[in-house]
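# Overview (structure and organization)
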Amino acid sequence: MTFKKFVFQLHKILGLATGIVVFIVAITGCCWAFREEIESLYDDYKKVKPHNAPILTPTEARDIAETVFPNNTVHGTVFKKADDAIEVIFYDAQPEFYQSVFLNPYTGKVIQVDDHLSGFFAFILKGHMRLWLPKDIGEQVVGVSILLFMFIIISGFILWIPKKRKNIKQRIQFDWKKTTRWKRKNFDLHTVIGFYICSFALVLAFTGSMMSYNWLKYVVYKSTGGDKEARFIIPQNNSDTSLDNKTIPMDYLIVKLHKENPEAEAFELHYPKTEEESIYIEVTNSNGLYYDADFRFFDQHTLEEIETPSIYGKYKNAKVADKIQRMNYDIHIGAIGGIVGKIIAFIISFLTASLPITGILLWYGRHYKKKRV
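This one's a predicted model, so the numbers in the text were calculated from it and none came from an experiment.

The residue asparagine 104 is located in the loop between strand S3 (97-103) and strand S4 (110-115) in this model. Here asparagine 104 falls in the buried class, since its relative accessible area comes to 14%. A distance of 3.2 Å separates the side chain of asparagine 104 from the backbone nitrogen of threonine 107, its partner in a polar contact. Residues contacting asparagine 104, with those up to four places away along its chain left out, are Val48, Leu56, Lys109 and Ile111.

Here is the structure:
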């Protein structure tokens with residue numbers, strides 16, 4: 001068996017084994033690309049009329065929201081601009097519970113309750129991440145299939161390379177005539193489209209795999225010169241004494257950070273789970289982007305800022321290896337390039353979804369040819 005024949009067999013077997021998974025992951029990725037833009041068309045309830053009055057403190061917001069879900073865990077509270085509602089996020093892993101309570105920041109009135117585990121985009125995300133299967137099974141199937149898909153892309157490119165230079169033109173454009181048979185058209189759809197999107201599809205598959213496997217994230221981080229912890233770490237408090245007995249230091253943080261960062265898009269405060277844990281606040285600096293967020297930690301008794309050994313700290317302190325890790329999700333969904341990047345991600349995902357279909361048709365045409373009479 002020649003090398004190309006071996007590569008062809010590998011490409012065919014892996015393609016047949018993972019085709020349905022790649023199709024579902026790619027087509028759901030298309031639907032997810034413009035989630036934020038679509039949801040913004042019907043989320044008017046997140047806006048309020050600004051008042052010249054103090055807003056709710058983190059403690060007050062949590063206490064009001066807990067009257068809605070008294071038996072669930074508050075994950076964090078999001079504070080945005082003066083005309084934005086406060087969002088209190090509830091999350092429990094077992095049984096899975098993920099909902100948000102939106103409050104009027106001036107009156108404390110409950111405006112809306114959103115269930116993040118229901119609706120169209122929740123359905124799409126479950127398909128993208130686990131094929132609508134149980135989480136432990138589905139995530140493993142998707143993770144392994146996307147790893148194999150990277151080998152499919154590489155083997156497909158090897159097969160695409162023509163033996164003679166003069167045949168390159170046939171591999172980079174459609175040369176269809178009225179007499180061109182559908183089998184030839186299908187072959188061109190598979191090879192020409194595959195050639196043009198292979199590098200982009202490889203990036204999407206690789207960034208997706210980095211989110212699935214911590215070992216891959218670690219390997220990439222260390223190989224790019226990273227010297228921090230490639231995981232999220234909430235440091236412990238530096239002190240064990242309170243400012244006084246009448247105030248809660250945490251309630252001063254949002255006002256303090258608003259003054260320090262007036263241009264910030266949002267502040268997501270996470271309440272300490274223990275007496276020893278520090279307060280964690282994620283400062284969103286750019287609308288629709290995550291990589292340049294500042295992850296800041298404060299002693300819950302003195303509000304002294306604490307540095308973390310993780311890559312998830314202040315963005316200005318991030319090195320090249322840190323930035324590569326932090327940009328991974330934004331690259332995966334195309335947000336790193338703004339609306340143009342999302343359009344590219346949408347097109348690449350859509351065309352990637354076509355490859356398993358044209359590939360299966362190629363296999364079917366070769367193995368189930370009609371016998372000539």
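Aromatic ring pairs are defined here through the distance separating the ring centres and the angle between the ring planes. One pass over the structure, following the stated rule, counts 22 aromatic pairs. Centroid distance phenylalanine 174 to tryptophan 176: 4.9 Å. Interplanar angle 50°. Geometry classified as tilted. With a relative accessible area of 37%, tryptophan 176 lands in the partly exposed category. Centroid distance phenylalanine 232 to phenylalanine 295: 5.8 Å. Interplanar angle 75°. Geometry classified as edge-to-face.

Because the α-helix completes a turn every 3.6 residues, residues three or four places apart line up on one side. Relative to the 45 Å expected for 31 residues at 1.5 Å per residue, helix H1 (residues 3-33) spans just 38 Å between its end C-alpha atoms, considerably shorter than the ideal helical length. For H1, the principal kink sits at threonine 18 and spans about 60°.

This paragraph deals with the pattern of salt bridges. On inspection of all chains with the given rule, the structure shows 17 salt bridges. One salt-bridge network, in which partners are shared between bridges, spans Arg35, Glu36, Glu37, Glu39 and Lys342.

Counting residues in each nonpolar core, the largest one holds 25 residues, and the members touching the most others are Val88, Phe90, Phe267, Leu269, Ile279 and Ile281. Only helix H3 (58-66), strand S1 (74-79), strand S2 (86-92), S3, helix H9 (253-260), strand S5 (266-270) and strand S6 (279-284) provide two or more residues apiece to this core. Contact partners of phenylalanine 90, with chain neighbours within four places excluded, come to Ala65, Glu66, Phe69, Asn72, Thr73, Val74, His75, Phe97, Tyr98, Gln99 and Val101. Val21, Ile152, Cys198 and Ile348 belong to the second-largest nonpolar core, a separate cluster that totals 20 residues.

Rules used in this analysis
- All residue numbers here refer to positions counted from 1 along the written sequence of the relevant chain.
- In keeping with the model being predicted, local features are shown solely for residues with a pLDDT of at least 70 and side-chain atom pairs are shown and tallied solely at 80 or more, while totals for entire chains, interfaces and linings include all residues.
- For the side-chain quantities, the full set of heavy atoms in the structure was used; hydrogens and water were omitted.
- Secondary structure elements follow DSSP: runs of H or I of four or more residues count as helices, runs of E of two or more count as strands, with numbering from the N terminus.
- Buried residues are those whose accessible area, probed at 1.4 Å on protein chains only, stays under 20% of the maximum for their type, while exposed residues exceed 50% and partly exposed ones sit between those limits.
- In the analysis that follows, any N or O atom pair within 3.5 Å is treated as a polar contact, provided that within protein one partner can donate a hydrogen and the other can accept it, and provided that, for residues neighboring in sequence, both atoms belong to side chains.
- Any pair of residues with heavy atoms lying within 4.5 Å of one another is described as a contacting pair.
- Pairing of aromatic rings covers Phe, Tyr and Trp, the last counted by its six-membered ring, and requires centre-to-centre distances within 6.5 Å; plane angles under 30 degrees mean stacked, over 60 mean edge-to-face, and any other angle means tilted.
- By definition here, a helix of n residues has an expected span of 1.5 Å times n minus one.
- Take the seven residues that end at a residue and the seven that start at it, fit an axis to each, and the angle between those axes is the bend at that residue.
- Here a salt bridge means any side-chain nitrogen of Lys or Arg lying within 4 Å of a carboxyl oxygen belonging to Asp or Glu.
- By convention a nonpolar core is built from buried Ala, Val, Leu, Ile, Met, Phe, Trp, Tyr and Cys residues, the set being connected through side-chain atoms within 4.5 Å.

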